[in-house]
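Here is what each chain is made of, one letter per residue.
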Amino acid sequence: DQQVKQNSPSLSVQEGRISILNCDYTNSMFDYFLWYKKYPAEGPTFLISISSIKDKNEDGRFTVFLNKSAKHLSLHIVPSQPGDSAVYFCAASGEYGNKLVFGAGTILRVKS
Amino acid sequence: EAQVTQNPRYLITVTGKKLTVTCSQNMNHEYMSWYRQDPGLGLRQIYYSMNVEVTDKGDVPEGYKVSRKEKRNFPLILESPSPNQTSLYFCASNPTGVGETQYFGPGTRLLVL
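This section reports on the structure supplied with the text. (Residues numbered from 1 in each chain as written. Chains lettered and ligands numbered in written order. Predicted model: local features only at pLDDT ≥ 70, side-chain atom pairs only at ≥ 80, totals over all residues. Heavy atoms only, no water.)

**Some thoughts on the sheet that holds strand β8 (residues 76-78) of chain B**
Strand pairing in a sheet is mediated by backbone hydrogen bonds. Such pairs are either parallel or antiparallel.
Residues and elements named next belong to chain B.
So, point 1. One open sheet holds the four strands; their spatial order is β1-β3-β8-β7, and the pairing between them is antiparallel. Here the strands that pair on one side only, and so sit at the sheet edges, are β1 (4-7) and β7 (65-66).
So, point 2. Here β7 runs beside β8; their pairing, made up of two bridges, is antiparallel. In the strand pairing of β8, V66 is matched with L76. (Pairing = 2+ DSSP bridges. Helix = DSSP H or I, 4+ residues; strand = E, 2+ residues; numbered from the N terminus.)

Structural data, given as structure tokens:
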């Protein structure tokens, strides 16, 4: 039973437009959420995070929104750039202390 | 340069032949962990270590062993590999716990025949 779900395996966006990647979770004990980006043949790299006490966190072109009542978070990338093309993983922690639970990932393709 | 290194990067082996994947970090991090990445399943945690001599199971520990004798090293041991352990493996570390940013190694692609 996947506790963190990314229901869109892939997303294609035109350069300059907004990319919205979605993530749903089932465990209400999760209190910290992260997004990682992964290029081929490399390890994931941290992108942005949000604590459950917030509903929005922004870092440059990247903004993460958290809706606790819906158990949903989203990552907005504005404007999207071809270099943003990668696999994006949503992850959550909380209930198990030091365990990080990942979603299956969404492949983002930004077309120029 | 601050980094997490893994060796080997690619490995083909046969069922039952013991192997070790090494992981080392030069950031003096206390927390280290191993993940495997499989299509449609994302990254799943195998084992983690809060500090030297302290290790614990993640979500998919069966068939794996780890040790943490020194802070910088966290090897992953497959005593008797099986084809269902064919996967992409990542080692990660961070200063004290999973709530902080984790730094990932480049990955080890393992094929068990």
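**Observations regarding the layout of surface pockets**
Space left empty within the atom packing is revealed by a probe, the size of a water molecule, rolled over the atoms.
So, point 1. Looking at the largest pocket, its volume works out to about 320 Å³.
So, point 2. In terms of lining, the largest pocket is formed by 18 residues, of which the most central are Q37, D38, P39, G40 and L88 of chain B.
So, point 3. Secondary-structure elements contributing two or more residues to the lining of the largest pocket are β9 (86-93) and β11 (106-111) of chain A together with β4 (31-38), β9 (87-94) and β11 (108-112) of chain B.
So, point 4. For the lining of the largest pocket, the class distribution of residues is eight nonpolar, seven polar and three charged. (1 Å grid on protein atoms, 1.4 Å probe; cavity = no way out; pocket = protein on both sides within 12 Å on 5 of 7 lines; lining within 4 Å. Points joined across faces, edges and corners; volume = space filled by probe spheres on them. Nonpolar A, V, L, I, M, F, W, Y, C, P; charged D, E, K, R; others polar.)

**Section: the interface of chain A and chain B**
Frequently, the measure chosen for interface size is the accessible area removed from exposure when the parts meet.
So, point 1. Contact with chain A, which involves 19 residues of that partner, is made by 24 residues of chain B.
So, point 2. There are two residue pairs in polar contact (both at pLDDT 80 or more) connecting chain A and chain B.
So, point 3. Elements with a minimum of two residues in the side of chain A that touches chain B: β4 (32-38), β9 and β10 (100-102) of chain A.
So, point 4. Among the elements that take part in the side of chain A that touches chain B, β4 of chain A stands out by supplying four residues, more than any other.
So, point 5. By residue class, the composition of the side of chain A that touches chain B is 10 nonpolar, six polar and three charged. (Contact = heavy atoms within 4.5 Å. Polar contact = N/O pair within 3.5 Å; in protein donor to acceptor, adjacent residues only side chain to side chain.)

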